[in-house]
Structures are given as structure tokens and as C-alpha cells.
Amino acid sequence: MAEDVAARVTELRTQIRYHSHRYHVLDAPEISDADYDRLVRELERLEAEYPDLITNDSPTQRVGAPASDLFAPVPHRQRMFSLDNVESFDQLEAWETRMARQLEGDRAGYVCELKIDGLAVSLTYENGVFVRGATRGDGLSGEDISPNVRAIDAIPLRLLGEPPEFMEVRGEVYMPLPAFENLNERQAAKGDRLFTNPRNAAAGSVRQKDPAVTASRSLSIWVYQLGYVEGGPAFHRHGETLEYLRDLGLKVNPASETVPDLAGVKSYVVRAELERHRHSYQTDGVVVKLDSLADQENLGYTAKAPRWAVAYKFQPEEQTTTLRAIEINIGRTGAATPFAVLEPVFVGGANVGMATLHNEDEVHRKDVRVGDTVVVRRAGDVIPEVVGPVPSLRTGSEQVWHMPSVCPFCGHPIVRPQDEKVARCTGGLECPSRLREWLAHFASRDGMDIEGLGYKTIDLLLREKLISDPADIFFLGADDLLGFEGWGEVSVGNLLAAIDGARHRPLDRLLVALGIRHVGGTVARLLSRRSGDMDRLLGASEGDLAAIEGIGPTIAASVHDWAADPENLRLIDRFRAGGVQLADEQEAGGSSALEGLTVVITGTLPSLGREEAKAAVEAQGGRVTSSVSGKTSVVVAGESAGSKLARAEELGVRVIDETAFFELLEKGPEAMGLK
């Protein structure tokens, strides 16, 4: 009897997976919803009677209890890059010209894909079974959202056919427009906040603490890239990988096309933009990729994006509305930025009530006046901006605007240095707006990532005079917060735990959080990798800083000036007193054995991912580049090394395999005859 039940359970799972794939991926169901529901109910009944037969990849196991470590960081086996954007055919042609300088011969064609307005995710499968879902994060690691990803019906828990041993794939989770409209109808009926656009609704749905909420939101996905893979077939073209992913049962957009040349790309872009509103999902552009994987390998990556792909952004949608007022915001650097207060208007998929005006010169150049009817657009479908006025509709009551002479937040003068476009508040951190923005930046995900310390909490802490700078955050105690409305033991405990976690962030995160001018994530990693210690960094001369590869004189001067300010030094001392980690033990005590070596990694290594190998080199002070030149010290070559291997042999550059690479890391370059 037990064998019969096990066989029936297996048969039911096979049927349900088949029909789920037909419905959610192929959009071609073969049975009614009622018949599908009967199959699921029978499987649920049998699994309830025989719980030993339940498996993690069963269709009944999509929604489980929330994971205790939900949103924990998880590294990507292969980095998830963002894309560079172009907004015209001239820029598209310039992109192709840049590639042509590095590639020999004709291009082998392009793959055009609709750019989906959703949330980028990475899906991991082991032997065909779903094991993890993660957000893009900073590209190197993201948030573990596995329980919520499992709740999305369009994502298979077990792949079809003969999947590889290990596979990471990239996709865009989105909310179909009918589901978005239905969600807002439900929100309105309950008196809850409405979502402004499907993209925000999708992102919020994926990051729910209860996977059942995610399951109720009718999310879907388009898979667009094969990331890291072990044990799979060899591919030569990106189009082949899309077919492979489709055959495995993953949802690949049928609107993707392979075209022979740039003329075909332009034709696809024109058609895609004309048809952008015919889809049941939001799309804001076209992603163009070189089809040849060998060409992709040869071109490599910049610090943030592949050179072999680009996003062609559609022209933003525009609407007209009334400019009610022009006000200013004081940012964390003191910059006074004007913004338009608008009669709310729906544009580019969202309700817009405010829009940027950039600076005073831009306001006057556009001749935008308070009371004007203005054209508003969402540049790149993201940032609302005022394009200009409609002069023919003026009545004569419109008022010309000028930058105020004093800050409305602190009363200090607003001055504009000669030859600069940006006016600044002179109140320093006495300006509550500047302090507020700095604290929000400090606690943000790109900074110290203190969950729960958003604008609302910052406003409370400032109003009650509990903090006056970022260091004060690390001296907060439970007694400071208990008793305020909405702050009980659980919420206070969560915030204090998040603050304690921030004490142990890597040095580069603290450098970003401090808001030093010109110091973003990439620069912060270069500085922390070289110094490993805040005191060592603060004591570096301007010349020492400028000598770090990737750090120019402007950045060096900015960091040196920041370190020379006594107020900043006192702030660092207070961080130290508050228990904030000011040194990276691994970096500070790490080896510099590979310093001065330039390494190129090409092909597929037997046991190491590309990013793992790169991290191993950089941890010992070496530099990894994407192309082979006369300055390359050594090339680490794996399977399918391609044109980089040929280039290394042509230039006489030393080539080693993974075994020798491990020897290089263990014994150093002298043992390998590289120094």
C-alpha cells in the first residue's frame, strides 16, 4: 500500500509541475483551474496522511513559516552587475564603436530583450532543485529572500530535463499590471496605503516577512541570464543559454530576439517602444547584449557594468500640471537644492507631487515660475523632473523665483561660491536639515545598514535631543526609547540589535557612511583594502593617498582635508568609544604578497568561481583586470579560456592553471618565478 501511495504522490507532483509550467510559464494551460486544484488537494491529502513522503521541492511546499534569518546576507557566486544606459541611437552607435576597438572581426549579432521594471534577483539550483533566492544587493552579495521566492508560482522548485549540478540564474521579479490593479483595489477596500507603481509593489512584496503575503501578490518573473554554472553543457552564444533556461522550465520572455547587426537592434527598439503599453507588465527600455560569449569574455567589465551589454532607455513619458511652489532642501553636504511642489499628476507609472529643479541656474535657464503650467517627466522613468513651462498658458500672475539668502531650517546664510553652480547653507551641522540627511545616509543600506533607523526614527531622536551626530547612535540605550509612542520592548530591542550589528561593519562601509566627498563604494573599498585601519588612513599623506591605484588627486585631497578637520577626528574617537570597529582584521593583518602583480582570470576554473578567484588575489594585494596587455603579470586560464589565452601566448605572458594558481596564493610569486 505504501509503495502505491508513494507512486501516486510522484505521479501527482509530475502532473502538477507540468500543468503549472503550462500555466505560469507558457501561458498555455491544458486543464481547468478546478481540475488543477483537485490534483493539488489530492497531493495535500496524501502528504498529510504520509508526512514522510513530503519533500522540499513538492508543489505543496511553496509557502512555509518565515525563516528566522530572513534577509540575511548571501554572497553571489558570480557578481551581479548593473547596466550602463544609452538614450539615443547616437549613444548606441558610440557604445558599439567602443567595443569594436577591442574586438577583432565582425560582431556575431546581438540579443535584444525587453528591460523589465521590477526587482533583480538571483536564483540558485542544485541538481535541479531550488535552494536559494537573493536580491542583487551591492552586486557581490544580496539578501536571502528564499522563503518569499519559493512562494512565486512562476519560479519552479524543480527544473525540467537534465539540469546542471549547480546553477545561478538572474531574473527580474515583477508584478503584472492586472495584479497591481487588483492589489490596490484590495488596499483601498481596507483603507491601507496604495502602491504608486508595480515596481515598488513587487519590491515590497518580495521583502515581506511573511511568505504568505508574497504568495498573495501574484508576482511573476522573467529569467534573462545564466550566471554561474557547474556541470552544464558548453555554450557559445547568449541566445543558446536562453533556450537552455527555457528548456529547463524557467520563464524566459518570448519577446527576446536575436538580430544580426545594429540596424536590427534599432528596429527592435522602435517596435518595443511603440508597443510598450501592450504588455501586461511595465517595461522601460531594451537590454542589448553581444550574442557571442567569447566576445563577452574578451570585453569584460568596468567597475559596475559589463562592456558587452547596454540598456537603451525609452523616452520618458510627460504630463502637464501646475507648479504650486518652489522650495529648497538642504542635503548632507549643505547643498541647497530647489524642488518643485506640484499639483499631483500621474506620469510614468506613478503619482508625482514633487520634482527636482537641480539648481538656481537651471530654474532661470528654463524660466520656470511659481504658478506656471509646467511639463513634468520621469527621467528614466525614475526621477521626476520639470522639463519647462508652457508660456502660452501664463496669466501674468506667475512669480520669478530666487534662491533665499538664509536657510529656512537654521537661519544661517546661504552662499554660492564663485564659479560653482551649487549654493550651500553655511550652518554646518547646526542645520537640522543637513544633519537629518547625513544621519539618514549614515544609517542607509549603502552606509552602516541600521534597519529601523529611517527618517521617522531619526526625527524622533533629533526632536528629543537624543542624538546630535552619527556617533551618538552607538550610545543609545533602552531607557532612551522605551515609553515613546510605538516603542515597546520588541521594537526597541530590534533597533538596538541593529545598532550593535552596525558596530561590526567593514571599514569601507563606515567610510561610505561618513559621507566624505567623492568617496563612494568603489573608492571606499580601495582605501580600506590599502589601509585596513582607520587610524592608518587618517594619518596618510595626500601623496600616499594619490599613489593608490584608482585614487586620483581630487579624491586624495578630499580625504586628506576631511582627516585634517579636528571635528572629524573627534567624531572618530567617539565611534571608538561607542564600540565601532575601526579596522578590518583580515585586511589589516592580511598578506600583501601579490602587491604589484596584475592578474587576468579567464575561462572556467574547476573549483573556483571567477569572483572567488578575484577576491583571493585582491586579498593579497594583487590587481585583477579584464584584458591581457604587456602589463599583465600572469593569466589564470581555465576551460574555454578563449581569446585571452591566445593574446597571452602572443605577448609571452605567463599562463597558469588552477593548481598553479593555488600554489601562487600559498607560496607567493617568488616561488613561481614571477618576481
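Residues numbered from 1 in each chain as written. Predicted model: local features only at pLDDT ≥ 70, side-chain atom pairs only at ≥ 80, totals over all residues. Heavy atoms only, no water.

Q: Help me understand helix H3 (residues 89-102) in this model?
A: Owing to its 3.6 residues per turn, the α-helix brings residues three or four apart onto one side. With 14 residues, H3 ought to run about 20 Å at 1.5 Å a step, and its terminal C-alpha atoms sit 21 Å apart, in line with that. For H3, the full list of buried residues reads Leu92, Trp95 and Met99. The arc that holds every buried residue of H3, seen down its axis, measures 60 degrees, which confines them to one face. What points out from H3, more than 90 degrees from its buried face, is the exposed set Asp90 and Arg101. Where H3 is buried, its residues meet strand E2 (85-86), strand E3 (110-116), helix H9 (262-274), strand E10 (283-290), helix H10 (293-299) and strand E11 (309-313). (Helix = DSSP H or I, 4+ residues; strand = E, 2+ residues; numbered from the N terminus. Expected span 1.5 Å × (residues − 1). Buried < 20%, exposed > 50% of the residue type's maximum accessible area, 1.4 Å probe, protein only. Arc of directions from axis to C-beta. Contact = heavy atoms within 4.5 Å.)

Q: What exactly am I supposed to notice about the sheet that holds strand E4 (residues 119-126) here?
A: The strands that make up a sheet are held in pairs by hydrogen bonds between backbone atoms, and each pair lies either parallel or antiparallel. Spatially, E5-E4-E7-E8 is the arrangement adopted by the four strands of the open sheet, whose pairing is antiparallel. Two strands in the sheet have a free side with no partner beyond their single neighbour: strand E5 (129-135) and strand E8 (220-230). Across the sheet, the mean angle separating the axes of adjacent strands is 25 degrees when strand polarity is ignored. Pairing of E4 with E5 involves six bridges; the strand directions are antiparallel. Bridge assignment links Ser122 to a residue of E5, and that residue is Ala134. (Pairing = 2+ DSSP bridges. Axes fitted to C-alpha atoms, helices over the stretch in contact; angles between N-to-C directions.)

Q: Even after reading the chapter, I still don't get unusual backbone geometry, so can you show me in this structure?
A: Its identity is not glycine, yet Asp367 carries a phi of approximately 55 degrees, on the positive side. Relative to the helices and strands, Asp367 is located in the loop between helix H11 (360-366) and strand E15 (373-379). Residue Asp367 is classed as partly exposed on the basis of its relative accessible area of 30%. Located in the positive-phi region is Lys465, a residue other than glycine, with phi close to 55 degrees. Mapped onto the elements, Lys465 comes out in the loop between helix H13 (455-463) and helix H14 (478-481).

Q: I would appreciate a short explanation of the nonpolar core in the present structure.
A: Grouped burial of nonpolar side chains is what soluble globular proteins tend to show. In this structure, Ile450, Leu527 and Phe575 are the most contacted members of the largest nonpolar core, which totals 53 residues. Of all elements in the fold, only helix H12 (432-443), H13, helix H15 (489-502), helix H16 (507-513), helix H17 (521-531), helix H18 (534-538), helix H20 (553-563) and helix H21 (566-577) reach the threshold of two or more residues within this core. Among the elements that make up this core, the one with the highest residue count is H12 (six residues). Those residues within four positions of Ile450 in sequence are excluded, and the remaining contacts are Phe442, Ala443, Ile473, Leu495, Ala498, Ile499 and Ala502. One finds Ala154, Val206, Ile221 and Leu248 within the second-largest nonpolar core, a separate group that totals 37 residues. (Core = buried A, V, L, I, M, F, W, Y, C linked by side-chain atoms within 4.5 Å.)

Q: Can you walk me through H20 in this structure?
A: Along H20, the residues that are buried comprise Ile555, Ala556, Ser558, Val559, Trp562 and Ala563. Down the axis of H20, the smallest arc covering the buried residues is 165 degrees, so these residues share one side. The outward face of H20, more than 90 degrees from its buried face, is lined by the exposed residues Pro553, Thr554 and Asp561. Where the residues of H20 are buried, they touch H17, H18, helix H19 (542-546) and H21.

Q: Whenever I open this one, the packing of H12 against H13 confuses me. Can you help?
A: Between two packed helices, the angle of one axis relative to the other and the distance separating the axes together describe the packing. Running from N to C, H12 and H13 cross one another at 130 degrees; their axes reach a closest spacing of 10 Å. By the criterion of interaxial angle, the relationship of H12 to H13 is oblique. Where H12 crosses over H13, the two elements pack in a sense that is right-handed. Between H12 and H13, the contacting residues are Leu435, Arg436, Glu437, Leu439 and Ala440 on the first element and Tyr455, Ile458, Asp459 and Leu462 on the second. (Parallel < 35°, antiparallel > 145°, perpendicular 65-115°, else oblique. Left-handed = near helix turned anticlockwise from the far one by under 90°.)

Q: Even after reading the chapter, I still don't get the sheet that holds strand E19 (residues 598-602), so can you show me in this structure?
A: Across the sheet, which stays open at both edges, the four strands sit in the order E20-E19-E21-E22 with parallel pairing between neighbours. A single partner strand is all that each edge strand has here, and the edge strands are strand E20 (623-625) and strand E22 (654-656). Across the sheet, the axes of successive neighbouring strands diverge by a mean angle of 30 degrees, strand direction being ignored. Examined bridge by bridge, E19 and strand E21 (residues 634-637) share four bridges and lie parallel to one another. Bridge pairing links Val599 to Val634 in E21.

Q: I keep staring at the packing of aromatic side chains and nothing clicks. Help me out?
A: What characterises a pair of aromatic rings is the spacing of the ring centres plus the angle enclosed by the ring planes. Evaluation of the coordinates by the stated rule reveals 14 aromatic pairs. When the centroid spacing of 5.9 Å and the interplanar angle of 10 degrees are considered together, the rings of Tyr174 and Trp222 count as stacked. Here the residue Tyr174 occupies a position in strand E7 (residues 166-174), and Trp222 occupies one in strand E8, the gap between them amounting to 48 residues. An aromatic cluster is present here, built from Phe81, Tyr301 and Trp308 joined pairwise through their rings. We note Lys251 situated over the ring of Trp222; from NZ or CZ to the ring centre the distance is 4.5 Å. (Phe/Tyr/Trp six-rings, centres within 6.5 Å; stacked < 30°, edge-to-face > 60°. Lys NZ or Arg CZ within 6 Å of the ring centre and 35° of its normal.)

Q: Just to check I follow, could you spell out empty space enclosed by the protein for this structure?
A: Where empty space is left in the structure can be found by rolling a water-sized probe over the atoms. As enumerated under the stated definition, the model contains one cavity of 30 Å³ or more in all. By volume, the largest cavity is sized at about 60 Å³. Every residue lining the largest cavity is listed: Leu511, Ile516, Met534, Leu537, Leu538, Ala540, Leu545, Val559, His560, Trp562 and Ala563. Secondary-structure elements contributing two or more residues to the lining of the largest cavity are H18 and H20. (1 Å grid on protein atoms, 1.4 Å probe; cavity = no way out; pocket = protein on both sides within 12 Å on 5 of 7 lines; lining within 4 Å. Points joined across faces, edges and corners; volume = space filled by probe spheres on them.)

Q: Is there a simple way to think about the confidence of the model for the chain in this case?
A: As a general rule, the predicted coordinates of low-pLDDT regions are not to be interpreted in detail. Taken over all residues, the pLDDT of the chain has a mean of 87, while the share at 70 or more is 93%. Scored below 50 in pLDDT, residues 64-69 makes five contacts in the model with residues more than four places away or belonging to other chains. (pLDDT = per-residue confidence, 0-100.)

Q: Is there a simple way to think about the pattern of salt bridges in this case?
A: Between side chains of opposite charge, a pair can form when the charged atoms approach closely. By the definition in use, this model includes 33 salt bridges. A salt bridge links Lys115 to Asp284; the nearest nitrogen and oxygen atoms lie 3.5 Å apart. Placement of the pair is Lys115 in strand E3 and Asp284 in strand E10, with a sequence separation of 169 residues. Of the residues examined, Asp284 reaches a relative accessible area of 4% and is grouped as buried. Lys667 is the salt-bridge partner of Glu663, the closest N and O atoms lying 3.8 Å from each other. With Glu663 and Lys667 both in helix H25 (residues 658-667), this residue pair falls four residues apart, about one helical turn. Salt bridges linked by common partners bring Asp367, Arg369, Asp372 and Arg394 together as one network. (Salt bridge = Lys/Arg side-chain N within 4 Å of Asp/Glu carboxyl O.)

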